[in-house]
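Listed below, chain by chain, are the residues.
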Amino acid sequence: MNVGDARSRLDTLRKILGEGSLSTQEALREKLEKLGYQVTQSTISRDLRKLGTMKALDSNGQTVYRL
């Protein structure tokens, strides 16, 4: 996997969002960095818009990002 590839990053971000447990862009950035992606908060923000994400409440009443 080429971790510099935007398509690869977006695919990985979709998988992370599918888990439905992260509620901040910083948490998403940290998760992506642990997986080898060098990203900024601005990149995360643009990626979230591209993917059409929204904030929603999970079963515990916490706000999380959803596709």
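Because the structure is predicted, anything quoted here is derived from the model rather than measured.

Enquirer: Please set out helix H2 (residues 25–34) residue by residue, giving values where relevant.
Expert: Turning to H2, its buried residues number three or more, namely Gln25, Leu28, Arg29 and Leu32. The buried residues of H2 occupy an angular sector of 100° when the element is viewed end-on, so they sit on one face. Those residues of H2 hidden inside the fold are in contact with helix H1 (6–19), helix H3 (41–51) and strand S2 (63–66). Directly after H2, the chain includes glycine 36, whose backbone phi takes a positive value near 100°.

Enquirer: How would you explain the environment of threonine 63 if you had to name every residue and give the values?
Expert: Within the secondary structure layout, threonine 63 lies in strand S2. Overall, threonine 63 belongs to the partly exposed group, its relative accessible area being 35%. Aside from chain neighbours lying at most four places away, what touches threonine 63 is Ser23, Lys55, Ala56 and Leu57.

Enquirer: So what's going on with the packing of H1 against H2? Which residues, and what values?
Expert: Direction vectors running N to C along H1 and H2 enclose 120°, while the axes themselves pass 11 Å from each other. Classed by the angle they form, the pair H1 and H2 counts as oblique. As for the relative orientation of H1 and H2, their crossing is right-handed in sense. Of the residues in H2, those touching H1 at Arg9, Thr12, Leu13, Ile16, Leu17 and Glu19 are Leu28, Lys31 and Leu32. A class-by-class count of the residues in the contact of H1 with H2 yields five nonpolar, one polar and three charged.

Enquirer: Describe the packing of aromatic side chains, listing the residues and the values that go with them.
Expert: Under the defined criterion, the tally for this structure stands at zero aromatic pairs. Across the ring face of tyrosine 65, the terminal group of lysine 55 is positioned such that the distance to the ring centre comes to 4.7 Å.

Enquirer: Hey, could you go over the environment of aspartate 11 for me, with residue numbers and the actual values?
Expert: If you trace the backbone, aspartate 11 turns up in helix H1. On the accessibility criterion, aspartate 11 (34% relative accessible area) is partly exposed. For the pair formed by aspartate 11 and leucine 51, sequence separation is 40 residues and the distance between their alpha carbons is 9.7 Å. Among the polar contacts made by the side chain of aspartate 11, one reaches the side chain of arginine 14 at a distance of 2.7 Å.

Enquirer: Help me get a handle on the pairing of strand S1 (residues 54–57), residues and values and all.
Expert: As judged from the four bridges shared by S1 and S2, these two strands associate in the antiparallel manner. From the neighbouring strand, alanine 56 faces S2, where its bridge partner is valine 64. Where S1 folds back onto S2 in an antiparallel hairpin, the turn is made up of five residues, including glycine 61, whose phi is positive at roughly 85°.

The rules behind each value
Residues numbered from 1 in each chain as written. Predicted model: local features only at pLDDT ≥ 70, side-chain atom pairs only at ≥ 80, totals over all residues. Heavy atoms only, no water. Buried < 20%, exposed > 50% of the residue type's maximum accessible area, 1.4 Å probe, protein only. Helix = DSSP H or I, 4+ residues; strand = E, 2+ residues; numbered from the N terminus. Arc of directions from axis to C-beta. Contact = heavy atoms within 4.5 Å. Axes fitted to C-alpha atoms, helices over the stretch in contact; angles between N-to-C directions. Parallel < 35°, antiparallel > 145°, perpendicular 65-115°, else oblique. Left-handed = near helix turned anticlockwise from the far one by under 90°. Nonpolar A, V, L, I, M, F, W, Y, C, P; charged D, E, K, R; others polar. Phe/Tyr/Trp six-rings, centres within 6.5 Å; stacked < 30°, edge-to-face > 60°. Lys NZ or Arg CZ within 6 Å of the ring centre and 35° of its normal. Polar contact = N/O pair within 3.5 Å; in protein donor to acceptor, adjacent residues only side chain to side chain. Pairing = 2+ DSSP bridges.

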